[in-house]
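Structure at a glance
Now for the letters of each chain:
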Amino acid sequence: MEMLILVAILLVVMFFMSSRTRKQQREAAEFRNNLTVGTKVMTASGMIGTVLDVDDANDQVTIESFPGSPTTWLRAAIAKKIEEPVADDADLDDASDESDVTAEGETASTISPDAKDVPDDLSDLDTTKREYQEQQRRDADADGK
């Protein structure tokens, strides 16, 4: 009797798991069948691009990941749609700060750093971290001897 209950529970669990899998497969197939030009997608191998053409006759999709480099994929290789991030107000404020005009009419992106601000060797960089690493090496050498 206990064995029968165990088998029944196992069958019910397997049914629910397979029905969920079937539902996910059905949704993915519906998405692939409704692909439109201009949709940003990701393939199963991880390539991200924009749909340029959908060939229903051959079940193929042409994707452009880099301007001027279209690739053709089987429709089944398209894994999911990529949603573009929505810019919030903070992002828009940052973008406007970069375009502000600075001294002598230069924008923030065209200002070149002064040569005296760039260190010519590592001696000016984070000496505390370098000293700590040197001490760690000395300790490791002392432990090994």
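Reference entry: report on the structure contained in this document. (Residues numbered from 1 in each chain as written. Predicted model: local features only at pLDDT ≥ 70, side-chain atom pairs only at ≥ 80, totals over all residues. Heavy atoms only, no water.)

**Re the overall build of the protein chain**
- Along the protein chain, the regular secondary structure elements total three helices and five strands.
- Start at the N end of the protein chain and walk to the C end: the helices and strands fall as α-β-β-β-β-β-α-α.
- Buried positions account for 11% of the 145 residues belonging to the protein chain.
- Taking contacts inside the protein chain between residues at least 6 apart in sequence as the whole, the part at least 24 apart equals 30%. (Helix = DSSP H or I, 4+ residues; strand = E, 2+ residues; numbered from the N terminus. Buried < 20%, exposed > 50% of the residue type's maximum accessible area, 1.4 Å probe, protein only. Contact = heavy atoms within 4.5 Å.)

**Details of the pattern of salt bridges**
- Scanning the entire structure with this criterion turns up three salt bridges.
- A salt bridge links Asp-56 to Arg-75; the nearest nitrogen and oxygen atoms lie 2.5 Å apart. With Asp-56 in the loop between β2 (48-55) and β3 (60-64) and Arg-75 in the loop between β4 (70-74) and β5 (78-81), this pair connects stretches of sequence that are 19 residues apart.
- Close ionic contact of Arg-138 with Glu-134 constitutes a salt bridge, the shortest N to O distance being 3.6 Å. Of the two residues, Arg-138 and Glu-134 are both situated in helix α3 (residues 127-144); the distance of four residues between them amounts to about one turn of the helix.
- Look at Arg-138 and you get partly exposed, because its relative accessible area is 46%.
- Since its relative accessible area comes to 30%, Glu-134 is described here as partly exposed.
- Residues participating in the shared-partner salt-bridge network are Asp-56, Asp-59 and Arg-75. (Salt bridge = Lys/Arg side-chain N within 4 Å of Asp/Glu carboxyl O.)

**So, the sheet that holds strand β1 (residues 40-43)**
- Spatial ordering of the open sheet is given by β4-β3-β2-β1-β5, a layout of five strands whose pairing is antiparallel. With one partner strand each, in any of the chains shown, β4 and β5 form the two edges of the open sheet. Pairs of neighbouring strands in the sheet enclose a mean axial angle of 45 degrees, with direction left out of account.
- Here β1 pairs with β5 via three bridges, running antiparallel. Bridging across to β5, Met-42 finds its partner in Lys-80.
- Against the sheet, helix α1 (residues 2-33) engages β1 and β5, with an angle of about 85 degrees to β5. (Pairing = 2+ DSSP bridges. Axes fitted to C-alpha atoms, helices over the stretch in contact; angles between N-to-C directions.)

**Quick notes on a nonpolar patch on the surface**
- Residues Met-1, Leu-4, Ile-5, Ile-9, Val-13 and Met-17 make up a contiguous nonpolar surface patch of roughly 650 Å² in combined accessible area.
- With respect to the helices and strands, Met-1 occurs in the segment before α1.
- By relative accessible area, which is 77% here, Met-1 ends up exposed. (Patch = residues over 30% accessible without salt bridge, like charges linked within 9 Å, V, L, I, M, F, W, Y side chains within 5 Å. Areas by Shrake-Rupley, 256 points an atom, 1.4 Å probe, with all protein chains shown as cover.)

**What to know about the nonpolar core**
- Grouped together as the largest cluster of nonpolar side chains are nine residues: Leu-35, Val-41, Met-47, Val-51, Val-54, Val-61, Ile-63, Trp-73 and Ile-78.
- Broken down by secondary-structure element, the contributors of at least two residues to this core are β2 and β3. (Core = buried A, V, L, I, M, F, W, Y, C linked by side-chain atoms within 4.5 Å.)

**A short note on the side chain of Thr-62**
- Mapped onto the elements of the fold, Thr-62 is located in strand β3.
- Residue classification places Thr-62 among the buried residues on the basis of a relative accessible area of 17%.
- With near-sequence residues (within four places) excluded, Thr-62 lies in contact with Thr-50, Val-51, Leu-52, Asp-53, Pro-70, Thr-71 and Thr-72.

**Remarks on unusual backbone geometry**
- You will see that Asp-59, though not glycine, has its phi angle at about 60 degrees, which is positive.
- Relative to the helices and strands, Asp-59 resides in the loop between β2 and β3.
- With relative accessibility at 38%, the residue Asp-59 sits in the partly exposed group.

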